[in-house]
Amino acid sequence: MNLFQDDDGTAYIVYTSENNKTLYISKLNDSYTGLSADPEQAVYGVDYIRLFPGSMREAPVLIKGENGRYYLMSSSTTGWMSNQARIWSADEIFGSWRNDGNPCQGAGAEVTFDSQSTCIFQTQQGQWIYYGDRWNAQNLADSRYIWLPVSWQNDALTIRWADSWAPGQVDCA
């Protein structure tokens, strides 16, 4: 699961449910301590949305790009084995989501550069950064992380491998 705070201060929890078969986005209350509505009274499209039923997704990351679109990245469910990421975008958080495919490009893109989405954030300098778990199935305590620069191409979020980089010093285009 993951958390997201929109520009207007509204917060959401993004999570998998139904044995990882479906992603949900649910609005949190004003103090961010619970859901905005009791699940029995929650209104679809107002308090929550159910996405991609039966798709077997996990590790959701929700962001809002500089263009005002929402982006939701996740991975498939293959245990501790890396797999291909997928990203969707929407004009409204509870709106229709468009499948934008694999955001990763280049060697290793088919397994998300041997990682799983954890976070995408923007630095104070404006650089977007992908932060991913690199699981070690033989020794989970020795799992690592990768950090990669994110670029935007015509409203599409793109992640490319970089052996070495520093925020603000990489041209990802």
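Below: a short report on this structure.

Conventions we followed
- Residues numbered from 1 in each chain as written.
- Predicted model: local features only at pLDDT ≥ 70, side-chain atom pairs only at ≥ 80, totals over all residues.
- Heavy atoms only, no water.
- Pairing = 2+ DSSP bridges.
- Helix = DSSP H or I, 4+ residues; strand = E, 2+ residues; numbered from the N terminus.
- Core = buried A, V, L, I, M, F, W, Y, C linked by side-chain atoms within 4.5 Å.
- Buried < 20%, exposed > 50% of the residue type's maximum accessible area, 1.4 Å probe, protein only.
- Contact = heavy atoms within 4.5 Å.
- Salt bridge = Lys/Arg side-chain N within 4 Å of Asp/Glu carboxyl O.

Here we look at the sheet that holds strand 13 (residues 156-160)
- Pairing in this open sheet of 5 strands is mixed, and the strands run 9-13-12-11-10 from one edge to the other. Pairing within the sheet leaves two strands with one partner each, and these edge strands are strand 9 (104-105) and strand 10 (116-122).
- Looking at chain direction, strand 12 (residues 144-153) and strand 13 are connected through 4 bridges and run antiparallel. Within the sheet, the bridge partner assigned to Val-150 lies in strand 13 and is Ile-159.

Regarding the nonpolar core
- If you look at the biggest cluster of nonpolar residues, it comprises 20 residues, and the most contacted ones within it are Met-73, Ile-120, Tyr-130, Leu-157 and Ile-159.
- Beyond its immediate sequence surroundings of up to four residues, Tyr-130 is in contact with Met-73, Thr-112, Ser-115, Gln-116, Ser-117, Cys-119, Ile-120, Ile-146, Trp-147, Leu-148, Val-150 and Ile-159.
- With 16 residues, the next largest nonpolar core counts Phe-4, Leu-51, Leu-62 and Trp-88 among its residues.

Looking at the pattern of salt bridges
- This structure, assessed with the given rule, holds 6 salt bridges.
- Across the salt bridge formed by Arg-144 and Asp-142, the nearest N and O atoms sit 2.6 Å from each other.
- What you see here is one network of salt bridges that share partners, running through Asp-6, Asp-7 and Lys-64.

Digging into the pairing of strand 1 (residues 2-5)
- Examined bridge by bridge, strand 1 and strand 2 (residues 11-17) share 4 bridges and lie antiparallel to one another. Bridge pairing links Asn-2 to Val-14 in strand 2.
- Between strand 1 and the antiparallel strand that follows it, strand 2, lie 5 residues; Gly-9 among them carries a positive phi value of about 90°.

Notes on the environment of Ala-85
- Looking at the secondary structure, you find Ala-85 in the loop between strand 6 (70-76) and strand 7 (86-90).
- Look at Ala-85 and you get buried, because its relative accessible area is 3%.
- For the pair Ala-85 and Asn-19, spaced 66 residues apart in the sequence, the C-alpha separation amounts to 19 Å.
- Excluding residues that lie within four positions of it along the chain, Ala-85 makes contacts with Arg-57, Met-73, Ser-74, Gly-101, Asn-102, Pro-103 and Thr-112.

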